[in-house]
Amino acid sequence: MDLLFPEDLISNLGVPQLIDIRDQLPVNSNYTWGQLAGVRPLEDLTTIALHHDAISKTSTAGNSDLQLATNIAKSHIRLTKNEEKGDAGFPYHVWIRNGKAYWTNNVLDRTYGVASNNGYTVHVCVSGDYVNGDSLTEDDRRVLTAVCVDISKQLPSYKGIKAHCELNATSCPGYDYNRIKADVASYDQMVQERYRNRVNAAYNTVLRFQDLYNKAKDPAFQFKDVALCKLEDIAAYMVQKDYMNP
């Protein structure tokens, strides 16, 4: 079992649905991430870790998104700093480029994103080198916010978002990660406000039903037949929608 990325939550923020390329990326012939580093229980995942891939946009302008992701995966497979036979493959769970988010690893698989902090983190990376001149586009910022919101809603033990540099001594991710945290918090507030508005609207509807009922049963009310007709119209609609059944 792994996380799902429901389209409605993503589309609520006006960004494309995640693109699943997990099966298209190179994997070390010796092991997968799950085989190398293990699979975490969902309940252990508490934190979204923010990254950049530290590859300048100008140097990769000629690469398609899939080509660049493939190159990154291959470079990590060749990397022997962590493992004698190389990393298992692409190191992040979600990768963002050109206003699109790519699902690159099973979220429950433990990958090497933040040393000594990989047992509880979900790694989300934006393409670019934001320490050395690249700027986070509004499209990528919006997608990053949507992905963080989406993941946070699916982690039962979720605690928050951390930049790589807040967990290890590094300059990663280089962009304004506090703004991302604030944007995610603002989205949560917006969702709560929408819910309160829906509840209030439902309550006002109940009051209107009660008002029509009181008028329809009042023999002294001049327009009791009008009130009854309105209630019958509502009842017919509810029968049509099968709302009369619990």
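We now turn to the structure provided with this report. (Residues numbered from 1 in each chain as written. Predicted model: local features only at pLDDT ≥ 70, side-chain atom pairs only at ≥ 80, totals over all residues. Heavy atoms only, no water.)

**Brief notes about the overall build of the chain**
Summing up its helical and strand segments, the chain has seven helices and six strands in all. Along its sequence from the N terminus, the chain presents helices and strands in the succession α-β-α-β-α-β-β-β-α-β-α-α-α. Relative to the globule expectation of 18 Å for 246 residues, the C-alpha radius of gyration of the chain, 25 Å, shows a markedly less compact shape. Across its three principal axes, the chain shows a C-alpha extent of roughly 90 × 35 × 30 Å. Taken across its 246 residues, the chain has 41% of its residues classed as buried. A fraction of 74% describes how many contacts in the chain between residues 6 or more apart in sequence connect residues 24 or more apart. About 13,500 Å² of surface is accessible on the chain, with carbon and sulfur atoms providing 51% of the total. Distance between charge centres in the chain, computed from 26 positive and 30 negative side chains, equals 3 Å. (Helix = DSSP H or I, 4+ residues; strand = E, 2+ residues; numbered from the N terminus. Rg over C-alpha atoms; globule rule 2.2 N^0.38 Å. Buried < 20%, exposed > 50% of the residue type's maximum accessible area, 1.4 Å probe, protein only. Contact = heavy atoms within 4.5 Å. Areas by Shrake-Rupley, 256 points an atom, 1.4 Å probe, with all protein chains shown as cover. Lys, Arg positive; Asp, Glu negative; His and termini not counted. Charge placed at Lys NZ, Arg CZ, Asp CG, Glu CD.)

**Section: the pattern of salt bridges**
In the structure shown here, the tally under the stated rule is nine salt bridges. Close ionic contact of Arg97 with Asp65 constitutes a salt bridge, the shortest N to O distance being 2.8 Å. Note that Arg97 is positioned in strand β3 (residues 94–97) and Asp65 in helix α3 (residues 65–78), a separation of 32 residues in sequence. No difference in accessibility class separates Arg97 from Asp65, as the two residues are buried. Where Arg141 meets Glu138, a salt bridge forms, and the shortest distance between an N and an O atom there is 3.3 Å. Here Arg141 and its partner Glu138 are both found in helix α4 (residues 138–154), three residues apart, which amounts to about one turn of the helix. Connected via shared salt-bridge partners are Glu138, Arg141, Arg179 and Asp183. (Salt bridge = Lys/Arg side-chain N within 4 Å of Asp/Glu carboxyl O.)

**A look at the pairing of β3**
The side-chain alternation of β3 yields two buried faces, one formed by Val94 and Ile96 and the other by Trp95 and Arg97. Note that β3 and strand β4 (residues 100–103) share four bridges and pair antiparallel. Of the residues in β4, the one forming a bridge with Ile96 is Ala101. The antiparallel pairing of β3 with β4 creates a hairpin that spans two residues between the two strands, and Asn98 there sits at a positive phi of about 55°. Across three bridges, the pairing between β3 and strand β5 (residues 121–126) is parallel. The residue bridging Trp95 from the neighbouring strand is Cys125, located in β5. (Pairing = 2+ DSSP bridges.)

**Some remarks on helix α7 (residues 224–240)**
Over its 17 residues, α7 extends 24 Å from the first C-alpha to the last, a length consistent with the 24 Å expected when each residue adds 1.5 Å. Positive phi appears at Asp242, one or two residues downstream of α7, with a value of about 60°. (Expected span 1.5 Å × (residues − 1).)

**Re the sheet that holds β4**
Reading across the sheet, the six strands line up as β1-β4-β3-β5-β2-β6 and stay open at both edges, with mixed pairing between neighbours. Lying at the two open borders of the sheet, with one neighbouring strand each, are β1 (19–20) and β6 (160–163). Where β1 meets β4, two bridges bridge the pair, whose relative direction is parallel. Residue Ile19 lies in a different strand from β4, and its bridge partner there is Tyr102. Together, β3 and β4 form the strand contacts of α3, whose direction differs from that of β3 by roughly 135°. Where α4 meets the sheet, its contacts fall on β2 (47–52), β3, β4, β5 and β6, and the angle it forms with β3 comes to roughly 160°. (Axes fitted to C-alpha atoms, helices over the stretch in contact; angles between N-to-C directions.)

Any link to function would need more than the numbers given here.
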